[in-house]
Amino acid sequence: MSETILVTGSSGQIGTELVMNLRKIYGNDHVIASDIREPNAEVMESGPFEKLNVMDRPQIFEIVKKYKVTQVYHLVAMLSATAEKVPEAGWDLNMKSFFYIMELAREGHLKKVYWPSSIAVFGPTTPRINTPQHTIMEPTTVYGISKQTGERWCEYYFNKYGVDVRSIRYPGLISWKSEPGGGTTDYAVDIFYEALKTGKYTSFLKADTGLPMMYMEDAIRGTIELVEAPAEKVKIRSSYNFSSLSFTPEVLAQAIQKEMPDFSIDYNPDFRQAIAETWPESIDDHFAREHWGWKHNYDLNDMVKDMLKNLRTKLNIK
Ligand code: AKB
């Protein structure tokens with residue numbers, strides 16, 4: 001039987017690219033984009049879109065029935081920086097909508113669920129370098145607490161009810177097609193826009209704040225590979241460590257300067273600095289590599305070159 005996939009949060013940073021990639025694989029009509037916000041023209045014109053508020057449980061069920069959905073990529077989330085400002089709303093959005101989807105799977109309406117976790121599940125007591133898959137996890141942000149809780153429930157639903165749920169702990173994601181919003185790692189995208197528009201950037205993180213990051217091309221491919229992997233290869237049902245790059249704002253700025261020698265950076269850390277300091281600098285993802293063959297393609301210089309090339313075209317800058 002062919003798959004029909006619902007992507008929630010499809011107008012967000014990951015959703016925008018994931019929908020187009022899934023449509024190439026499964027066919028336009030088999031991938032339903034859904035979000036409270038309108039998608040970009042490419043997503044809107046290439047296949048079905050449903051305006052969905054994921055807090056509306058009956059509406060989710062209606063969409064699942066209407067399209068005979070078999071898989072859900074439940075991407076909706078309030079990210080780290082925004083959720084710190086509205087903790088209760090962040091918790092509600094991140095957890096309630098998660099349960100609505102997991103319950104649909106438990107009741108047999110869905111064959112598979114993909115749910116994104118994050119490096120935010122780690123905290124100040126976690127080893128920061130090469131953070132292991134299984135380690136101390138005492139997150140101190142609303143977002144991190146919600147992601148860690150979700151991971152525990154993923155494993156629970158798999159063990160107790162056999163729900164085929166799969167998950168990745170995303171690092172900061174760097175993309176040119178769509179912009180992030182409300183995250184602590186967003187500087188690593190903002191910097192490219194400012195480099196091209198003004199030739200300079202003021203970072204909201206300190207020069208030496210190392211964080212794990214990944215180019216979106218790698219992240220999307222890895223996500224689809226995990227979801228398509230044979231079930232027996234997916235041995236971790238909480239969420240997989242997932243890694244490629246790790247750098248500081250200073251190192252990223254130096255890589256941009258190789259392409260744009262006049263680019264300059266200065267630093268004006270804000271509240272996001274305290275969040276970043278509780279997160280890992282680098283991640284040990286050997287389980288993802290061993291279990292289902294994860295392999296990244298982009299290193300720092302490849303990513304910088306590709307970002308600048310594509311953003312130049314997008315922003316119409318010579
Ligand atoms: C954030 O910064 O909140 C996200 C994340 C690392 O999950 N990009």
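Up top you'll find the structure we're talking about.
A brief look at the structure comes next. These figures come from a predicted structure and were not determined experimentally.

Some words on the sheet that holds strand β11 (residues 211-215)
Spatial ordering of the open sheet is given by β9-β11-β13, a layout of three strands whose pairing is mixed. With partners counted over all chains shown, the strands left at the sheet margins are β9 (172-174) and β13 (245-247), one partner each. Between one strand axis and the next, the sheet turns by 40 degrees as a mean value, whatever way the strands run. Sheet topology note: the β9/β11 ladder contains three bridges and is parallel. Counted as the bridge partner of Gly172 is Met213 from β11.

Considerations on the pairing of strand β2 (residues 31-35)
Counting buried residues in β2 gives five out of five residues, a clear majority hidden from the surface. Residues Val31, Ala33 and Asp35 line one face of β2 and the alternating positions Ile32 and Ser34 line the opposite face, and both faces are buried. Pairing between strand β1 (residues 5-8) and β2: four bridges, direction parallel. The residue of β2 that forms the bridge with Ile5 is Val31. With helix α1 (residues 13-26) bridging β1 and the parallel β2, this β-α-β connection has right-handed handedness.

Structural notes on a nonpolar patch on the surface
Together, Trp153, Tyr156 and Tyr161 give the surface a local cluster of nonpolar side chains, amounting to about 280 Å² of exposed area. For Tyr156, the location among the structural elements is in helix α6 (residues 142-161).

What to know about the packing of aromatic side chains
The full count for this structure, using the stated rule, is 17 aromatic pairs. When the ring of Tyr240 is compared with that of Trp292, the centres are 5.6 Å apart and the planes differ by 80 degrees; the resulting orientation is edge-to-face. Of this pair, Tyr240 sits in strand β12 (residues 240-241) while Trp292 sits in helix α11 (residues 286-292), and the two are 52 residues apart along the sequence. For Tyr240, a relative accessible area of 0% puts it in the buried group. Clustering of aromatic rings is evident, with ring pairs tying together Tyr73, Tyr114, Tyr170, Tyr240, Phe242, Trp292 and Trp294.

Some words on the site of the ligand
If you check the shell around the ligand, you find Leu79, Ser80, Ser118, Ile119, Tyr143, Gly183, Thr184, Thr185 and Trp279 and nothing else. At 2.7 Å, a side-chain N or O of Ser118 approaches an oxygen atom of the ligand. Within the side chain of Thr185, one N or O atom sits 2.9 Å away from a nitrogen atom of the ligand. In isolation the ligand offers 250 Å² of accessible surface; the protein chains occlude 94% of this area.

So, the environment of Asn241
Turning to its location among the elements, Asn241 is positioned in strand β12. Remark: the alpha-carbon pair of Asn241 and Glu155, spanning 86 residues in sequence, is separated by 15 Å. In contact with Asn241, other than residues within four places in its own chain, are Phe122, Thr131, Pro132, Gln133, Arg169, Ile283, Asp284, Asp285 and Ala288.

Cut-offs applied
Residues numbered from 1 in each chain as written. Predicted model: local features only at pLDDT ≥ 70, side-chain atom pairs only at ≥ 80, totals over all residues. Heavy atoms only, no water. Pairing = 2+ DSSP bridges. Helix = DSSP H or I, 4+ residues; strand = E, 2+ residues; numbered from the N terminus. Axes fitted to C-alpha atoms, helices over the stretch in contact; angles between N-to-C directions. Buried < 20%, exposed > 50% of the residue type's maximum accessible area, 1.4 Å probe, protein only. Right-handed = clockwise from strand over helix to strand, strands pointing away. Patch = residues over 30% accessible without salt bridge, like charges linked within 9 Å, V, L, I, M, F, W, Y side chains within 5 Å. Areas by Shrake-Rupley, 256 points an atom, 1.4 Å probe, with all protein chains shown as cover. Salt bridge = Lys/Arg side-chain N within 4 Å of Asp/Glu carboxyl O. Phe/Tyr/Trp six-rings, centres within 6.5 Å; stacked < 30°, edge-to-face > 60°. Near = heavy atom within 4 Å. Polar contact = N/O pair within 3.5 Å; in protein donor to acceptor, adjacent residues only side chain to side chain. Contact = heavy atoms within 4.5 Å.

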